[in-house]
Amino acid sequence: MNKKTSIAALLLLCITSMAFAQDTPVGLWKNIDDKSGKPKALIRISENSGELIGKIEKLFPEGEEDQNPKCDKCDGVNKNQPIIGMTILFGLKKDGDEYNGGRILDPANGKLYRSKLSVTDNNKKLNVRGYIGTPLFGRSQVWVREQ
């Protein structure tokens, strides 16, 4: 291989590595309510030992809604805790093109659901599904990546 070919191959390897590294749910996401179509929260997803964890960083309350609400409908350790800073997504692990096997908390009703998610639209959107039993019985939301 000559010098130009070596540099081109190295550049292609770097670009390919970056493309694969970016196809991840890790980052900051705007949660869009599936019923109203309005933004509800900013959620930071991180990875720890191969599991995804999502915490609420900011809420977008409407009108006279409490600016720092507590999860009064939650049970256990989340009972009456501030929703901002709360872990609402956990236990998801990579499974092919999806992340499965985790749980998602809906602070509005305090219920914990099974969850799965997948990254779409060139890593700009996140399809999030919360369900009971099987994915057939649940709700989906599309979250939008924040820059």
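Structural data are supplied above this passage.
Residues numbered from 1 in each chain as written. Predicted model: local features only at pLDDT ≥ 70, side-chain atom pairs only at ≥ 80, totals over all residues. Heavy atoms only, no water.

## With respect to the overall build of the protein
Stage number 1. Tallying secondary structure elements over the protein gives one helix and eight strands in all.
Stage number 2. Counting helices and strands in the order they occur from the N terminus, the protein gives α-β-β-β-β-β-β-β-β.
Stage number 3. Of all 147 residues assigned to the protein, the portion counted as buried reaches 31%.
Stage number 4. Of the contacts made within the protein by residues no fewer than 6 positions apart, 37% connect residues no fewer than 24 positions apart.
Stage number 5. Here the protein has roughly 9,500 Å² of accessible surface; of this, 55% comes from carbon and sulfur atoms. (Helix = DSSP H or I, 4+ residues; strand = E, 2+ residues; numbered from the N terminus. Buried < 20%, exposed > 50% of the residue type's maximum accessible area, 1.4 Å probe, protein only. Contact = heavy atoms within 4.5 Å. Areas by Shrake-Rupley, 256 points an atom, 1.4 Å probe, with all protein chains shown as cover.)

## Things to note about the environment of Leu92
Stage number 1. Along the chain, Leu92 turns up in strand β4 (residues 87-95).
Stage number 2. For Leu92, a relative accessible area of 0% translates into the label buried.
Stage number 3. Measuring from C-alpha to C-alpha, the distance between Leu92 and Arg103 comes to 7.2 Å, with 11 residues separating the pair along the chain.
Stage number 4. If we ignore the near neighbours within four places in the chain, the residues touching Leu92 are Gly50, Glu51, Leu52, Tyr99, Asn100, Gly101, Gly102, Ser115, Lys116 and Leu117.

## Focus on the environment of Asn122
Stage number 1. Structurally, the position occupied by Asn122 is in the loop between β6 (111-120) and β7 (125-131).
Stage number 2. Look at Asn122 and you get exposed, because its relative accessible area is 70%.
Stage number 3. For the pair Asn122 and Asp23, spaced 99 residues apart in the sequence, the C-alpha separation amounts to 7.5 Å.

## Regarding the state of the cysteines
Here, the word disulfide means a covalent bond between the sulfur atoms of two cysteines.
Stage number 1. Taken as a whole and assessed by the stated rule, the structure comprises one disulfide.
Stage number 2. Here Cys71 is linked by a disulfide to Cys74, with a sulfur-sulfur distance of 1.7 Å. Residues Cys71 and Cys74 are joined through a disulfide that is right-handed, its torsion about the S-S bond being 60°.
Stage number 3. Look at Cys71 and you get buried, because its relative accessible area is 0%. (Disulfide = S-S within 2.5 Å.)

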